[in-house]
Amino acid sequence: MQKRNATVAVIGAGDYIGGEIAKKFASQGFTIFAGRRDGAKLEPLVKDIREAGGEIHARSLDARKEDEIISFLGDADKHAPLEVCIFNIGANVNFPIVETTERVFRKVWEMACYSGFLAGREAARLMLPRGKGNIFFTGATASLRGGSGYAAFASAKFGLRAVAQATARELGPKNIHVAHLIIDSGVDTEWVRQRRIEALGPGALDNPDLLMPPSSVAESYWLLYQQPRSAWTFELEIRPFGEKW
């Protein structure tokens, strides 16, 4: 593995998508700065990356707090220039509209939209003086469609898409690649598996081609990173080949 003098920050380095993104970029020689709400849960990821010869710095991070985002990305950039910032916080909840409390709606917006704005803004501040960088946001089907029971989640994801789009239009001409990755399917996690079984019965998992492996999401981010600036993608939709859409 050839080490690079650059860092990749993963905000929302969970057990599945975020962790796989961190592993992918670590395997390519980048130093990883990984953050999630409960930093203790990052220990398995740290172990995996270090055992594979990679370098990772992991810590607790509440992405809704401006000072924590500034400190987290600033520390990454001080270690080595921040090359990629990936915002990967979800907050997927489902409530009937009359059962969606003010607190739920506000918290989902804070996690999935407001914190994305903070991450994108602070990454841009670090990248603009160098005139290069990459800022990527994880979206979902709800980024484009407000499904029944998803008023809180979809509004936050709609908002995050708008933040990403406005940022891309502003920063693209300044040589900073901003992209929004829409995951239009269930991702193969334990939580999604259980939800599918509860909704569709014991045969819900019979077709393995309907759930997306987290490693495939990480590969899509790597492909976005490798794009030449003469052909940058802003929005990439990904789904398994067996998914009807």
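Everything numeric here is computed off the predicted structure, so don't read it as measured data.

**Student:** Hey, could you run me through the overall build of the protein in this one?
**Tutor:** Counting its regular elements, the protein contains seven helices and nine strands. Computed over the C-alpha atoms, the radius of gyration of the protein is 17 Å, within 12% of the 18 Å expected from 2.2 N^0.38 for a compact globule of 245 residues. Projected onto its principal axes, the C-alpha coordinates of the protein cover approximately 50 × 40 × 35 Å. Taken over 245 residues, the protein has a buried fraction of 47%. Across the protein, every contact between residues at least 6 apart in sequence was considered, and the portion connecting residues at least 24 apart equals 73%. Of the charged side chains in the protein, 31 are positive and 29 negative, and the gap between their average positions amounts to 4 Å.

**Student:** Explain helix α1 (residues 17–27) here, please?
**Tutor:** Side chains three or four residues apart in an α-helix point the same way, a direct result of the helix having 3.6 residues per turn. In terms of burial, α1 is a largely internal element, eight of the eleven residues being buried. All buried positions along α1 are accounted for by I17, G18, G19, I21, A22, K24, F25 and A26. Just past α1, the residue G29 takes up positive phi, approximately 95°.

**Student:** When you look at the packing of aromatic side chains in this model, what are you seeing that I'm missing?
**Tutor:** Aromatic ring pairs are reported here in terms of the distance separating the ring centres and the angle at which the planes meet. Inspection of the entire model under this criterion finds twelve aromatic pairs. An aromatic cluster is present here, built from F25, F30, W222 and Y225 joined pairwise through their rings.

**Student:** Where do I start with the side chain of D77 in this structure?
**Tutor:** In this fold, D77 is placed in helix α3 (residues 66–79). Here L82 takes part through its backbone nitrogen, which lies 2.8 Å from a polar atom of the side chain of D77. In this structure D77 touches T7, L82, L126 and R130, once residues within four positions along its chain are discounted.

**Student:** Hey, could you run me through the sheet that holds strand β5 (residues 133–140) in this one?
**Tutor:** In a beta sheet, neighbouring strands are held together by backbone hydrogen bonds and run either parallel or antiparallel to one another. Read across the open sheet, the seven strands follow the order β3-β2-β1-β4-β5-β6-β9; overall the sheet is parallel. Strand pairing shows two members of the sheet lacking a second neighbour, β3 (56–60) and β9 (235–238), which therefore form its edges. Strand-to-strand, the axes of this sheet are offset by a mean angle of 15°, without reference to chain direction. With eight bridges joining them, β5 and strand β6 (residues 176–183) adopt parallel strand pairing. Bridge assignment links G133 to a residue of β6, and that residue is I176.

**Student:** Got a minute to help me understand the nonpolar core in this structure?
**Tutor:** In globular proteins that are soluble, nonpolar side chains generally tend to be buried together. Of all hydrophobic cores here, the largest spans 32 residues; its most connected members are F25, I32 and Y221. Sorting elements by how many residues they give to this core places helix α7 (residues 214–226) first, with six residues. Aside from chain neighbours lying at most four places away, what touches F25 is V8, F30, I32, V84, I86, Y221, W222 and Y225. Counting 26 residues, the second-largest nonpolar core is a separate cluster that includes C85, L118, A123 and A164.

**Student:** Honestly, unusual backbone geometry in this entry has me stumped. Any pointers?
**Tutor:** A negative phi angle is the norm for most residues apart from glycine, just as the trans form is the norm for most peptide bonds. A positive phi angle is found at A91, which is not glycine, with a value near 70°. The residue A91 is located in the loop between β4 (82–87) and α4 (102–127) in this model. Given a relative accessible area of 17%, A91 falls into the buried group. In the Ramachandran plot, N175 falls in the positive-phi region, its phi being about 70° despite a non-glycine side chain. By relative accessible area, which is 24% here, N175 ends up partly exposed.

**Student:** What is the right way to look at the pattern of salt bridges in this model?
**Tutor:** Taken as a whole, this structure holds 19 salt bridges when the rule is applied. With its nearest N and O atoms 3.7 Å apart, the salt bridge here joins R64 to E110. One end of the pair, R64, is in the loop between β3 and α3; the other, E110, is in helix α4, with 46 residues separating them in the sequence. Considered together, R64 and E110 belong to a single accessibility category, that of buried residues. Among the ionic pairs, D184 bridges to R239, the shortest N-O distance being 2.8 Å. Within this pair, whereas D184 is found in the loop between β6 and β7 (186–187), its partner R239 is found in the segment after β9, the two being separated by 55 residues in sequence. Accessibility classification places D184 together with R239 in one group, the buried group. One salt-bridge network, held together by shared partners, links R37, D62, R64, K107 and E110.

About the thresholds
- Residues numbered from 1 in each chain as written.
- Predicted model: local features only at pLDDT ≥ 70, side-chain atom pairs only at ≥ 80, totals over all residues.
- Heavy atoms only, no water.
- Helix = DSSP H or I, 4+ residues; strand = E, 2+ residues; numbered from the N terminus.
- Rg over C-alpha atoms; globule rule 2.2 N^0.38 Å.
- Buried < 20%, exposed > 50% of the residue type's maximum accessible area, 1.4 Å probe, protein only.
- Contact = heavy atoms within 4.5 Å.
- Lys, Arg positive; Asp, Glu negative; His and termini not counted.
- Charge placed at Lys NZ, Arg CZ, Asp CG, Glu CD.
- Phe/Tyr/Trp six-rings, centres within 6.5 Å; stacked < 30°, edge-to-face > 60°.
- Polar contact = N/O pair within 3.5 Å; in protein donor to acceptor, adjacent residues only side chain to side chain.
- Pairing = 2+ DSSP bridges.
- Axes fitted to C-alpha atoms, helices over the stretch in contact; angles between N-to-C directions.
- Core = buried A, V, L, I, M, F, W, Y, C linked by side-chain atoms within 4.5 Å.
- Salt bridge = Lys/Arg side-chain N within 4 Å of Asp/Glu carboxyl O.

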